Amino acid sequence: MPSSLPPAPQALLKPLARLLRPLVRLLIRSGVTFPVLADLLRGLYVDVAARDLLPDPKAQTDSRISLLTGVHRKEIRRLRTHAPAADETPAVVTLGSQIIARWLGAPPYAEADGRPRPLPRTGRTAGEASFEGLVESVTKDVRARSVLDDWIGQGTVSLDAQDRVHLNTAAFIPRPGGEEQLFYFARNLHDHIAAAAANVSTAGPAPFLDRSMHYDRLRPETVAQLEATARQAAQQLLTDVNRIALAMAEGDDQAAPSGGPATPLRRINLGVYVYVEDDPIDEETAP
């Protein structure tokens, strides 16, 4: 592992202010006041110091945590009695993402290029791929009809005149403000920040890929074309990697040993984003 060399505090404050600005804007619009956020941050400082920076339980004293965080020891005692609960993945996220991943990546349900096939609601012949079979390949605890009704209501899928189920690849974005979207909001931003933080804190080569392409002073119609191109290319990238990952994950499941010591498991998250906004007006150079 590369050695750690975090940036100096003063060098970090200016980029931190820019990083937090859109989040603060969201918090204000959502009614999360500064005292509420401050109390949340105070608790996070204590929790991160204890769990992440002081792995030895003997070193997790109130005095040591206070020295690291600047939080008063009385506050630390109060906060440690109300430690945050462990993050849990909502069931709707696990089920939905697994079904869609198989629809986009498994040969019976996807074309060779990763496009999802229209699926009959139920299998008409033995061995025929169907929406019911797709859901049952992921879970036996939830009826395929329940998933279908829910997804039709959300616009995730649609039925054609032949009673085939079509995945709307432009619409399986989680419902705005819903539990599923907020889960991905937290996980994806967490992972991107974690990767970037690891990169700026290492004394050696950056351990994670974090690249972007950016242009400014472009006409709106040019940006619209670039955004459409980027969306298409990003979706194709995710589809291609998903197909490979699904096959490799199933291979890992089949090769998993039935006994002996457990192998440490890891996770991977590949994300892409596109952002567009107006350039600030420069009166000296504006046309």
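Use the structure listed above.
Not measured: the values here are computed from a predicted model. (Residues numbered from 1 in each chain as written. Predicted model: local features only at pLDDT ≥ 70, side-chain atom pairs only at ≥ 80, totals over all residues. Heavy atoms only, no water.)

Student: Even after reading the chapter, I still don't get the overall build of the protein chain, so can you show me in this structure?
Tutor: Within the protein chain, the regular secondary structure consists of 9 helices and 3 strands. Listing the helices and strands of the protein chain from first to last along the sequence gives α-α-α-α-α-β-α-α-β-β-α-α. Looking at the protein chain residue by residue over its 287 residues, the buried ones come to 22%. Surface exposure of the protein chain reaches about 21,600 Å², of which carbon and sulfur atoms provide 58%. (Helix = DSSP H or I, 4+ residues; strand = E, 2+ residues; numbered from the N terminus. Buried < 20%, exposed > 50% of the residue type's maximum accessible area, 1.4 Å probe, protein only. Areas by Shrake-Rupley, 256 points an atom, 1.4 Å probe, with all protein chains shown as cover.)

Student: Sorry, what's going on with a negative patch on the surface here?
Tutor: Negative charge collects at one region of the surface, where Asp216, Glu277, Asp278 and Asp279 lie side by side. Among the structural elements, aspartate 216 can be located in the loop between helix 8 (179-200) and helix 9 (220-255). The class for aspartate 216 is exposed, based on a relative accessible area of 51%. (Patch = residues over 30% accessible without salt bridge, like charges linked within 9 Å, V, L, I, M, F, W, Y side chains within 5 Å. Salt bridge = Lys/Arg side-chain N within 4 Å of Asp/Glu carboxyl O. Lys, Arg positive; Asp, Glu negative; His and termini not counted. Charge placed at Lys NZ, Arg CZ, Asp CG, Glu CD.)

Student: How should I be thinking about the environment of alanine 194 in this particular structure?
Tutor: Of note, alanine 194 is situated in helix 8. Along the primary structure alanine 194 and phenylalanine 208 are separated by 14 residues, whereas in three dimensions their C-alpha atoms are 9.5 Å apart.

Student: Quick question: what am I supposed to make of the side chain of threonine 202 here?
Tutor: Residue placement: threonine 202 occurs in the loop between helix 8 and helix 9. A residue is classified by how much of its surface remains accessible, and threonine 202, at 13% relative accessible area, is buried. Here the side chain of threonine 202 touches glycine 204 through a polar contact of 3.2 Å, landing on its backbone nitrogen. (Polar contact = N/O pair within 3.5 Å; in protein donor to acceptor, adjacent residues only side chain to side chain.)

Student: I tried to follow the packing of aromatic side chains on my own but got confused; where do I start?
Tutor: Given two aromatic rings, one states the distance between the centres and the angle between the planes to describe the pair. Taken as a whole and judged by the stated rule, the model has 3 aromatic pairs. Aromatic side chains phenylalanine 131 and tryptophan 151 sit 6.2 Å apart centroid to centroid with 70° between the ring planes, which places their arrangement in the edge-to-face category. With phenylalanine 131 in helix 6 (residues 131-138) and tryptophan 151 in helix 7 (residues 144-154), the pair connects residues that are 20 residues apart, well separated along the chain. There is no split in this pair, since phenylalanine 131 and tryptophan 151 are both buried. Grouping aromatic residues by their ring pairs yields a cluster made of Trp103, Phe131 and Trp151. (Phe/Tyr/Trp six-rings, centres within 6.5 Å; stacked < 30°, edge-to-face > 60°.)

Student: What's the story with the sheet that holds strand 2 (residues 157-159) in this structure? I'm lost.
Tutor: Strands pair in a sheet through their backbones, by hydrogen bonds, and they do so in one of two ways: parallel or antiparallel. Overall, antiparallel pairing links the 3 strands, which are arranged 1-3-2 in an open sheet. Edge positions in the open sheet fall to strand 1 (119-120) and strand 2, since each of these has one partner strand only. As paired strands, strand 1 and strand 3 (residues 164-167) are joined by 2 bridges and run antiparallel to one another. Opposite proline 120, over in strand 3, you have arginine 164 as the bridge partner. (Pairing = 2+ DSSP bridges.)

Any link to function would need more than the numbers given here.
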